[in-house]
Each structure stands twice: as structure tokens, then as C-alpha cells.
Amino acid sequence: MGILDSLENSPALRGVLSQLGSAVLPVVLSEVLGNGSQGGLSAIVAKLQQAGLGDQVKSWIGNGQNLPITADQLHQVLGSDTVKQLAARFNIPVDQISEILAQQLPTAVDHASPDGKLPHTA
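Report follows, based on the coordinates. Here the structure is a predicted model, which is why all the values come from computation and not from measurement.

Rules used in this analysis
Numbers given for residues are sequential positions, taken from 1 along each chain in its written order. Per-residue local features of the predicted model are confined to residues with pLDDT of at least 70, and side-chain atom pairs are confined, for both listing and counting, to 80 or more; whole-chain, interface and lining totals are unaffected and use all residues. Here the side-chain values reflect all heavy atoms present in the structure, with hydrogen atoms and water set aside. Secondary structure elements are defined from DSSP: runs of H or I of at least 4 residues count as helices, runs of E of at least 2 residues count as strands, and each element is numbered from the N terminus. Think of it in three bands: with a 1.4 Å probe and only protein chains considered, a residue is buried below 20% of the maximum accessible area for its type, exposed above 50%, and partly exposed in between. In what follows, residue pairs with any heavy atoms lying within 4.5 Å of each other are defined as contacts. To measure how exposed things are, a 1.4 Å probe is used in the Shrake-Rupley method; for residues, cover is taken only from the protein chains shown. Every axis in this analysis is a line fitted to C-alpha atoms, fitted for helices over the stretch in contact. Angles between the N-to-C directions lie between 0 and 180 degrees. Note on angle classes: values under 35 degrees are labelled roughly parallel, values over 145 roughly antiparallel, values of 65 to 115 roughly perpendicular, and the remainder oblique. Each residue receives one of three labels: charged for Asp, Glu, Lys and Arg, nonpolar for Ala, Val, Leu, Ile, Met, Phe, Trp, Tyr, Cys and Pro, and polar for the others, Gly being one of them. The arc in question is the one traced by the directions running from the helix axis out to the C-beta atoms.

This part covers the overall build of the protein chain. Along the backbone of the protein chain there are seven helices and zero strands. Mapped in sequence order, the helices and strands of the protein chain form the string α-α-α-α-α-α-α. Within the protein chain, the proportion of its 122 residues that are buried is 41%. For the protein chain, contacts bridging at least 24 residues in sequence account for 61% of all contacts bridging at least 6. Taken as a whole, the protein chain presents about 6500 Å² of accessible surface, with 49% of it coming from carbon and sulfur.

Take the packing of helix α5 (residues 71-78) against helix α7 (residues 94-112) next. Look at α5 against α7: their axes get within 8 Å of each other, and the N-to-C directions meet at 100 degrees. The orientation of α5 with respect to α7, classified from their angle, is roughly perpendicular. Residues Ala-71, Leu-74, His-75 and Leu-78 of α5 form the contact with α7, whose participating residues are Ser-98, Glu-99, Leu-101, Ala-102 and Leu-105. For the contact of α5 with α7, the class distribution of residues is six nonpolar, two polar and one charged.

This part covers helix α6 (residues 80-90). Regarding α6, the residues found buried are Thr-82, Val-83, Leu-86, Ala-87 and Phe-90. Seen along its axis, α6 keeps its buried residues to an arc of 130 degrees; they face one direction. Opposite the packed face of α6, turned more than 90 degrees from it, sit the exposed residues Asp-81, Lys-84, Gln-85, Ala-88 and Arg-89. Two residues or fewer after α6 comes Asn-91, characterised by a positive phi angle close to 55 degrees.

Dropping the structure here:
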């Protein structure tokens, strides 16, 4: 199973996915976590740690329960311009994209680090 496969079945996203299509969310997360404008998973993790969210990141990479991140925290880390660009690119309202990503980012990072470490290519 790929990193983003399980995200499409999240109850929190069913309403949004019914409007946007099940292919959109993995593409948005790939943009944020992949080799998109944010520099990939390692870059996002570094930005979150620099913003004082290291405890959350450690919980996602580790084997315990994932600590949450708020939409506001993620919005601040990514920056308004990036959030607006992602929202416009994927036709998702700006106020919803940060919420969606905040709900799904911990799971995506957790799935990307099954052995408690980020992959070297992230």
C-alpha cells in the first residue's frame, strides 16, 4: 500500500472527496509531501520542527499515537501564498485545504516512516 492510498478512505474526507473526486487529495498531498514546491517530505518535516512542532513530528514518525496539528499551525508553516496556490490549483476553498491537510498530514508522514525513520529519498 502506498503512502497516500489509505487517505482516500478517511471518514473526515468523504464529503470533500465526493465533491472533488478521489484523485485530488493524493495529488495535493503529493504536491506538499512530494517533490513539489515545498521540497518534499524531509523539507516539510524540517519546517514543522523549526516552527516548534517537533513533538508532533516525532509522534508521526515514531510508533505511538500521532499528535494532531491544527489547520492554523500548518497554514503558518506552509505560508499563505503556498496554501492559496494549492487551493487555486486544485479548486479547493482556502479555508478547507489547510484543514484537510492538517487532518491527513500526520497519517501520511506516519505511513511514510513505518520503521520509525524517514526514507532517505523523502
